[in-house]
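Chain and residue survey
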Number of protein chains: 2
Amino acid sequence: MQTFIINSEGYNVYVGNSYGPLQTFLEEKKYAKTFILADTNTSEKCLPKFTEKLPLLKEYDIIEIDAGEAHKNIDYCIGIWKMLLDFGAGRDSLLINLGGGMVTDMGSFAASTYKRGIDFIQVPTTLLSQVDASVGGKTGIDMDHVKNIIGTFTNPEAVFIDTDFLYTLPRRELLSGFAEMIKHGLICDSGYYFDLQSNAMGSVDNAMIFHSVNIKNKIVLEDPKERNIRKALNFGHTIGHAVESYSLAHDKDPLLHGEAIAIGMICEAWLSHTKTGLEESALTDIKNFLLAYYPNYRIPEGAFAELAEFMKKDKKNEKGTINFTLLEGIGKFVINQTCTEEEIRQALVLYNGLFK
Amino acid sequence: MQTFIINSEGYNVYVGNSYGPLQTFLEEKKYAKTFILADTNTSEKCLPKFTEKLPLLKEYDIIEIDAGEAHKNIDYCIGIWKMLLDFGAGRDSLLINLGGGMVTDMGSFAASTYKRGIDFIQVPTTLLSQVDASVGGKTGIDMDHVKNIIGTFTNPEAVFIDTDFLYTLPRRELLSGFAEMIKHGLICDSGYYFDLQSNAMGSVDNAMIFHSVNIKNKIVLEDPKERNIRKALNFGHTIGHAVESYSLAHDKDPLLHGEAIAIGMICEAWLSHTKTGLEESALTDIKNFLLAYYPNYRIPEGAFAELAEFMKKDKKNEKGTINFTLLEGIGKFVINQTCTEEEIRQALVLYNGLFK
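Note that the structure is a prediction, hence the values are computed from the model and not measured. (Residues numbered from 1 in each chain as written. Chains lettered and ligands numbered in written order. Predicted model: local features only at pLDDT ≥ 70, side-chain atom pairs only at ≥ 80, totals over all residues. Heavy atoms only, no water.)

**Quick word on the UniProt feature "domain: 3-dehydroquinate synthase N-terminal" (unreviewed entry) in chain A**
Put simply, the rule reads: UniProt positions are given in the numbering used here, feature names are shortened, and annotations may be inferred rather than shown by experiment. For the purposes of this entry, the term helix denotes a DSSP run of H or I that reaches at least four residues, the term strand denotes a run of E that reaches at least two, and both are numbered from the N terminus.
According to UniProt, the "domain: 3-dehydroquinate synthase N-terminal" (unreviewed entry) feature falls on residues 63-174 of chain A. Between the first and last C-alpha atoms of residues 63-174 of chain A the distance is 25 Å; the span itself is 33% helix and 25% strand.

Below, the structure written as structure tokens:
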């Protein structure tokens, strides 16, 4: 299996058979102690494979947390901090985050703030975390159902993407990650978007994951702190994050991140059509593609006000307005667009109307 | 009143009449919202003076927290995050930390992690925070009585030191800050140390505060992330922090930071005498100077094991040993010294023996 290497801000992302570079990394760094953060799923399904392939990693402590986005909160983060403290983690320790975005986001936040920062590496095990959370240096936890409201910008020492982990994933999780790959195509690579359409899900391979990580990495390198063009990555996320927060707060089996972002992309494609010149045919194409793969999630009219409240708390907002990234065409984004609450309401009504 | 300006890592520290520069700063930055973090003391004693001198600052929200180092914890930090969220703070908001080290440390940690970082300025109101917490970019909160165990390295936009605030301080608080000034002399400026001895406390003026901030700033600029020479500033702090943590955990009226550091400096001066060549006459001079100003705090023998546990959790430790900064002479530090638990025990016994 070929290994792709991407250089990001002072660290490497390895895609494919990344255990060789990881062994070398551990040999060179000689950490005094190593900790592996996993959730109940990855502890069972990924950890044995991971440690089997790393014979050099003989001594480590495991910090296991409950799986699920709902646990990406300060209480679990305090738990991680206390485990690190009780097990004697020092600045010469390493934290390995083995899991999906919940584990990599919260683990990296915990590491970036414990003793004012210890080294960590990301070993993302879901498609979503491989193509999205793995690069960009964003760490974070949720609070009051607001996504990633507490966090830092801190880079890992390296990212090791083993695409074999994807075989352990249910289809729903794969689709959640696939939504972010579609987004990468929609914002800046129309050819990639149509490739994804024709290959859809039958063949998510290393090259496609590499392509998505590469798109994200290029954007992040230009604007690490999200002052301008990094906002491109937020297409579908203003409404999508609000829908995700709403679902986390109310549903027993909440939407996955990518599922919520798919809804957000449909709504924001409609806003793009009405406001920034996305052609009707492109809007139809996006709607049909996404509706074919993602759940029909009815958003009650009574929830619109609550969704608007979540949007107002979004990190990208300035001067009290709600900030959007929209499309001028497939593969062409435009940042810093504002929409009124009435326009947002119309987009949600339109989405609900798609599967009457 | 003369204003001294110190350039630190990309920001300025103003000492003296700093309201002119602060007005200019606010005019230029045009923050969408401004928040002032104060504790119950500074809210009463400093906030009215502060806002009176800033006629331009018309609209702001006040976040008030209970005074006292015991409240520099994650629960209060969550309270600050939630207030910022509920009051609609965005990345275009400013947090002004008006208070002692508890407020400036925790406020800057909260700001550095809220929405992955919003701007903050420090307006330190105690001598300790003016000469110590004001520069260096260290943010932090305590956990399980371990000092600043959670935090980040994040610089403020600026630091505005108004030495008039010192008139509101009880003598005990002044002495707490004075201990850090003595430390500055001990580690790298023997002339300053003897000046402080002869002027002691009668005349802590702007020039002396400027001198101390300048010493700290020079060290921090060389080594912002505390990989090597910044550890100089930890003289007295390995034992001092442990004594402070112990006192916070057990005493109704716990030692102030500087009081604990004074004890730490006596013990570590003794260790310096036995291990790194500090002359007996210098040791005697340091002991006499500190004992004349700081409380005689008896540390029960039964507490030594607990103190050792705190020291083992210190951020500076590597490879499981307890790390010290010691003196080779007055004004000459040496970093990365290790001491055995028995040596530490002897130092504490010696300290207890000083006021039998």
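**Here's the deal with the sheet that holds strand β3 (residues 33-39) of chain A**
Residues and elements named next belong to chain A. Quick note on the threshold: Paired strands are those between which DSSP finds at least two bridges. Convention adopted: a line fitted to C-alpha atoms gives each axis, helices being fitted over their contacting stretch, and angles between N-to-C directions are expressed from 0 to 180 degrees. Any pair of residues with heavy atoms lying within 4.5 Å of one another is described as a contacting pair.
Overall, mixed pairing links the 7 strands, which are arranged β1-β2-β9-β6-β5-β3-β4 in an open sheet. Two strands close off the open sheet at either side, each with one partner strand: β1 (4-7) and β4 (61-65). Taken pair by pair, the neighbouring strands of this sheet meet at an average axis angle of 20°, ignoring direction. With respect to the sheet, helix α4 (residues 74-86) is in contact with β3 and β4, its orientation differing from that of β4 by roughly 165°.

**Some remarks on the packing of aromatic side chains**
All names here are of chain B. So the rule is basically this: We call Phe, Tyr and Trp rings a pair once their centres come within 6.5 Å, taking the six-membered ring for Trp, and we label the pair stacked below 30 degrees between planes, edge-to-face above 60, and tilted otherwise. Only protein chains enter the area calculation, which uses a 1.4 Å probe; residues under 20% of their type maximum are buried, those over 50% are exposed, and those in between are partly exposed.
A full pass over the atoms with the stated rule returns 24 aromatic pairs over all chains. Measuring from ring centre to ring centre gives 6.2 Å for W81 and F109, while their planes differ by 45°; the resulting arrangement is tilted. Taken together, the residues W81 in helix α4 (residues 74-86) and F109 in helix α5 (residues 101-113) connect sequence positions 28 residues apart. The residues W81 and F109 share a single accessibility class, namely buried.

**Let's talk about unusual backbone geometry**
All names here are of chain B. Despite not being glycine, K115 has its phi angle at roughly 50°, a positive value. With respect to the helices, strands and loops of the structure, K115 is situated in the loop between α5 and β6 (119-124). Positive phi outside glycine occurs at H145, with the angle close to 65°. Note on placement: H145 falls in the loop between β7 (141-143) and β8 (146-150). With a relative accessible area of 40%, H145 lands in the partly exposed category.

**Focus on the interface of chain B and chain A**
Defined as follows: Buried area is a sum: the accessible area each of two parts loses on coming together, probed at 1.4 Å, counted once for each and added. For this document, the term salt bridge refers to a Lys or Arg side-chain nitrogen within 4 Å of an Asp or Glu carboxyl oxygen. N or O atoms within 3.5 Å of each other form a polar contact, as long as, within protein, one can give a hydrogen and the other can take it, and as long as residues adjacent in sequence are counted only when both atoms are side-chain atoms. Here the nonpolar group is Ala, Val, Leu, Ile, Met, Phe, Trp, Tyr, Cys and Pro; Asp, Glu, Lys and Arg are the charged ones; every other residue, Gly included, is treated as polar.
Counting from both sides, the interface comprises 34 residues of chain B and, opposite them, 34 residues of chain A. Here chain B meets chain A over a buried area of about 3200 Å², counting both sides, of which 60% is carbon and sulfur. In this assembly, chain B and chain A are joined by 4 salt bridges. Across the pair D144 of chain B and K82 of chain A runs a salt bridge whose closest N-O atoms are separated by 3.0 Å. The interface formed by chain B and chain A contains 10 residue pairs in polar contact (both at pLDDT 80 or more). Where the side of chain B that touches chain A is concerned, the elements lending two or more residues are α4, α5 and β8 of chain B. Top element by residues in the side of chain B that touches chain A is α4 of chain B. It accounts for 6 residues. Split by residue class, the side of chain B that touches chain A holds 12 nonpolar, 6 polar and 16 charged.

**Some thoughts on the environment of G191 of chain B**
With respect to the element layout, G191 of chain B can be found in helix α8 (residues 190-199). Between the alpha carbons of G191 of chain B and L127 of chain B there is a distance of 21 Å; along the sequence they are 64 residues apart.

**Examining the relation of the copies chain B and chain A**
What counts here: Superposing copies: least-squares fit, C-alpha atoms only, residues required to have pLDDT of at least 70 in both.
In screw terms, the move from chain B to chain A is a rotation of 180° and a rise of 0.0 Å along the axis, fitting with an RMSD of 0.0 Å. Classification of the inter-copy transformation places it as that of a two-fold axis. An overlap of 100% is found between the interface residues of chain B and their copies at the interface of chain A, pointing to a shared contact surface.

**With respect to the side chain of E268 of chain B**
Residues and elements named next belong to chain B. Note on placement: E268 falls in helix α11 (residues 257-275). In this structure the side chain of E268 is engaged in a polar contact, spanning 2.8 Å, whose partner is the backbone nitrogen of I239. If we skip the residues at most four places from it in the chain, E268 touches N234, F235, G236, H237, T238, I239, G240, F324, T325 and L326.

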